[in-house]
Amino acid sequence: MASGVAAVWVPVSDMQRAVAFYRDALGLTVASESDDWSEIDANGLRIGLNGRESASPSDGGGAVVSFQPDGAIEDEVADLRSRGVEFEGEVSEHPWGKIIPFKDSEGNDLQLYSPPQG
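Residues numbered from 1 in each chain as written. Predicted model: local features only at pLDDT ≥ 70, side-chain atom pairs only at ≥ 80, totals over all residues. Heavy atoms only, no water.

The subject of this paragraph is the pattern of salt bridges. Taken as a whole and judged by the stated rule, the model has 7 salt bridges. The salt bridge involving Glu 74 is made with Lys 98; its shortest N-O contact spans 2.9 Å. Of this pair, Glu 74 sits in helix H2 (residues 73-82) while Lys 98 sits in strand S7 (residues 97-103); the two residues are 24 residues apart in sequence, bridging distant segments of the chain. In this structure Glu 74 comes out as partly exposed when scored by relative accessible area, which is 38%. Across the pair Glu 90 and Arg 81 runs a salt bridge, and its minimum N-O distance is 3.6 Å. Using a relative accessible area of 58% as the deciding quantity, one classes Glu 90 as exposed. The partly exposed category is assigned to Arg 81, whose relative accessible area is 37%. (Salt bridge = Lys/Arg side-chain N within 4 Å of Asp/Glu carboxyl O. Helix = DSSP H or I, 4+ residues; strand = E, 2+ residues; numbered from the N terminus. Buried < 20%, exposed > 50% of the residue type's maximum accessible area, 1.4 Å probe, protein only.)

The strand order S1-S4-S3-S2 describes an open sheet built from 4 strands, whose pairing is mixed. Since the sheet does not close on itself, it has two edges, and those belong to strand S1 (8-12) and strand S2 (29-32), each with one partner. Direction aside, neighbouring strands of the sheet carry axes that sit 30° apart on average. Sheet topology note: the S2/strand S3 (residues 37-42) ladder contains 3 bridges and is antiparallel. Looking at the pairing, Ser 32 lines up with Glu 39 of S3. (Pairing = 2+ DSSP bridges. Axes fitted to C-alpha atoms, helices over the stretch in contact; angles between N-to-C directions.)

All buried positions along helix H1 (residues 15-25) are accounted for by Met 15, Ala 18, Val 19, Phe 21, Tyr 22 and Ala 25. Its side-chain oxygen at 3.2 Å from the backbone nitrogen of Gln 16, Asp 14 defines the N-terminal cap of H1. Of the residues flanking the end of H1, it is Gly 27, one or two places downstream, whose phi is positive at about 75°. (Polar contact = N/O pair within 3.5 Å; in protein donor to acceptor, adjacent residues only side chain to side chain.)

Our next topic: the side chain of Gln 111. With respect to the element layout, Gln 111 can be found in strand S8 (residues 109-114). Among the residues examined, Gln 111 registers a relative accessible area of 17% and is labelled buried. In terms of polar contacts, Gln 111 uses its side chain to reach the side chain of Ser 66, at 2.6 Å.

Before going further, it helps to spend a moment on unusual backbone geometry. In this model, Asn 43 sits at a positive phi of 60°, which is unusual for a non-glycine residue. Positionally, Asn 43 belongs in the loop between S3 and strand S4 (45-51). Here Asn 43 falls in the exposed class, since its relative accessible area comes to 81%.

So, about the nonpolar core. With 25 residues, the main nonpolar core has Tyr 22, Leu 26, Leu 49, Phe 67, Phe 102 and Leu 112 as its most contacted residues. Of all the secondary structure elements, the ones that give two or more residues to this core are S1, H1, S3, S4, strand S5 (65-67), H2, S7 and S8. Ranked by the residues each element gives to this core, the list is headed by H1, at 6 residues. Once residues lying within four places of it in the same chain are set aside, the contact partners of Tyr 22 are Val 10, Gly 27, Leu 28, Ile 40, Leu 49, Phe 67, Asp 104 and Leu 110. (Core = buried A, V, L, I, M, F, W, Y, C linked by side-chain atoms within 4.5 Å. Contact = heavy atoms within 4.5 Å.)

Another aspect to go through is H2. Along H2, the positions that sit buried rather than exposed are Ile 73, Glu 76, Val 77 and Leu 80. Viewed end-on, H2 has its buried residues packed into an arc of 105°, placing them on one side of the element. Facing away from the buried side of H2 by over 90 degrees, the exposed positions are Asp 75 and Ser 82. Elements that come into contact with the buried residues of H2 comprise H1, S7 and S8. (Arc of directions from axis to C-beta.)

Structure follows, in structure tokens:
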């Protein structure tokens, strides 16, 4: 039986570029950093950046890391755009919340997610 998430990691081709993206664009804290493995603290969840030579973006689906904005999702989108983050489309609203997808500097799928206001 699983008792929780031990780790979430994404492949990266350029560790310095990836660390800068998560630190500078997303405003997260770098917990540790090396050429092959770095860890980002995302409000208690560690995101591992796995530097491996064969890392490349995939169009075949896979894991998506969802981030919850500090305030309104639209305000967070505006802030992240000002930091150079490129979004795919606009915020979409659903019965289960609002989302907007984007990619990190290495082509990994990310999104902002805001639960419904109730």
